[in-house]
Every structure is written in C-alpha cells, then in structure tokens.
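The primary structure of each chain is shown beneath.
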Amino acid sequence: MLKAKLEDKWNYVFLYSSTPTPRMLDKVRMAIAAGRKVVLVYNRRSHEVLKMEDIQGCDILPRDVSYLSVDFRRFLSVFTTIFWLQRRIFRHVFSGCQLFTASLDLLAVAQISSWGKKCVFRHYVRDLHSLQMEGNLMSKVLTFVERRLLRSVHMLVLTCEEYYKTYYSLIYRGKYVIVENYPAHSAWEGFKHRPSSEFVV
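Notes on the structure follow. On a predicted model such as this, the values are computed, not experimentally measured, just so you know.

Overview of the sheet that holds strand 4 (residues 58–65)
- The strand order across the open sheet formed by seven strands is 4-2-1-5-6-7-8, and the pairing between neighbours is parallel. Of all strands in the sheet, those with a lone pairing partner are strand 4 and strand 8 (175–178), marking the two edges. The sheet shows a mean angle of 20° between the axes of neighbouring strands, direction not considered.
- Its contacts with the sheet put helix 1 (residues 22–33) on strand 1 (10–16), strand 2 (38–45), strand 4, strand 5 (93–101), strand 6 (120–125) and strand 7 (153–158), and the angle it makes with strand 1 is roughly 180°.

Structure (structure tokens):
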C-alpha cells in the first residue's frame, strides 16, 4: 500500500461505501493501467467479512465507519465525511479530476466536498434500493434528491438495463452504460475461503 503524502496530486478518485468487490477493483486497475494517478477511498465497516489486498500503483485510504446499513448513523456521518474528504482528498486533486462514486450519499458528499474542483463524475449503481421503488413519501423525497444529484453526473454506470428502463430513464437524461455485475473468472483468483468464512480479495 502506498502511503499518501501531502504533496501528492490525484486525477482519479474512487469513492466506495464498503470494501470493494472484484468488479469494483477491476475499474480501479483499469484507471491505473491508463496512467491515471489514482486514490481509492472506501468505508471499512467492522462487521464486513471482506478484506482487501494491496493494489500496486495507487493510494488506498480506508475510512472506518460505525454504521451497518442505511440507518440514522449513516445520515449523521454525511457531515463528518464532507470535512474528511475536503481535508484528506480534495485538497490534493487536480482540477477536472475524474471522480467515481458507488452510493448516493457518497455522490452527495463528493459534490459538496469537491466544490470548485470541476470534477467529472461517474456514478456506479449496482442495485436499486426498495426505497426508490415504493412510491411513498420517503421514496418521492429520495427520488427528488437523486434527480438533482444526477444532473452533475457525466456518466451513469448501471449493472442492469432494466434499472434504466424502470427507474433511471424517468430521472436521468445523461449518458449511461451497462456493465453487468459479473467479473471475468480471473477476478476471483484472489478469493480464498477460510474456516472462519472470511473472504480475502
């Protein structure tokens, strides 16, 4: 793992809400192979059984969080995350850097934290949450917020065409691409099963 230095400058930032899966790590490796100066930031949750190996050629900054899923603690963490990202990440990126997010709350805090950096956003959607589809008041509020956040997104990356047809076509008018959430066989070579049921990437 490369230790980030204050004078380092990044032009590609990956923000993941949990330990990255093999498919998510593939995207990081592609950016490295393209010659980008990459930093990978992910929320490390105490209950997770995934552990991540070092990726050569980029900086890796895990951030420990206490919440387990979509709960009140995750909402409160938005404020601390904004300040953390401003201090640890966006002080050290090039203007116009590529920014890849994989959850709606991280897309929101990244847009606030990177204010003035003219970042190019790519937002990755693995699944639709039930809140997005229920049609109640909370669902309508979430859709309202998401529609406005997506206005700043240059490219929407979806794992299923059906997600666009049934939901995102109603709230997003920008570019999108479908990348099925099934990595090549080689991506699983780093997985090892242990008696403790832990998996190692």
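Points about the environment of Val179
- Relative to the assigned elements, Val179 resides in the loop between strand 8 and strand 9 (199–200).
- Between the C-alpha atoms of Val179 and Val125, which are 54 residues apart in sequence, the distance is 9.8 Å.
- Excluding residues that lie within four positions of it along the chain, Val179 makes contacts with Arg23, Lys27, Val157, Leu158 and Thr159.

Details of the pattern of salt bridges
- Evaluated as defined, the whole model comprises two salt bridges.
- Of the charged contacts, one joins Arg29 and Asp26 as a salt bridge, the two residues approaching to 3.9 Å between their closest N and O atoms. Of this pair, Arg29 and Asp26 both sit in helix 1, three residues apart, which is roughly one turn of that helix.
- Judged by its relative accessible area of 34%, Arg29 is partly exposed.
- Between Arg44 and Asp64 there is a salt bridge; the shortest N-O distance is 2.7 Å. Here Arg44 is found in strand 2, whereas its partner Asp64 is found in strand 4, with 20 residues between them in sequence.

Digging into the packing of aromatic side chains
- Applying the stated criterion across every chain yields a total of seven aromatic pairs.
- With 6.1 Å between their ring centres and 45° between their planes, Phe14 and Tyr16 make a pair best called tilted.
- Residues Phe100 and Tyr124 carry aromatic rings whose centres are separated by 5.8 Å and whose planes lie at 35° to one another, so their mutual orientation is tilted. In this pair, Phe100 is assigned in strand 5 and Tyr124 in strand 6, connecting sequence segments 24 residues apart. The same class applies to Phe100 and to Tyr124, which are both buried.
- Site record: aromatic cluster; members linked through ring pairs are Tyr12, Phe14, Tyr16, Phe100 and Tyr124.

A short note on the nonpolar core
- By size, the foremost hydrophobic cluster in this structure holds 32 residues, and its most contacted members are Val13, Leu15, Ile89, Leu99, Leu150 and Tyr168.
- What Leu15 contacts, discounting residues up to four positions off in sequence, is Val41, Leu85, Leu99, Phe100, Thr101, Ala102, Leu106 and Ala110.
- Formed by 18 residues, the second largest nonpolar core is a distinct cluster that contains Tyr12, Tyr16, Tyr42 and Ile55.

Conventions used here
Residues numbered from 1 in each chain as written. Predicted model: local features only at pLDDT ≥ 70, side-chain atom pairs only at ≥ 80, totals over all residues. Heavy atoms only, no water. Pairing = 2+ DSSP bridges. Helix = DSSP H or I, 4+ residues; strand = E, 2+ residues; numbered from the N terminus. Axes fitted to C-alpha atoms, helices over the stretch in contact; angles between N-to-C directions. Contact = heavy atoms within 4.5 Å. Salt bridge = Lys/Arg side-chain N within 4 Å of Asp/Glu carboxyl O. Buried < 20%, exposed > 50% of the residue type's maximum accessible area, 1.4 Å probe, protein only. Phe/Tyr/Trp six-rings, centres within 6.5 Å; stacked < 30°, edge-to-face > 60°. Core = buried A, V, L, I, M, F, W, Y, C linked by side-chain atoms within 4.5 Å.

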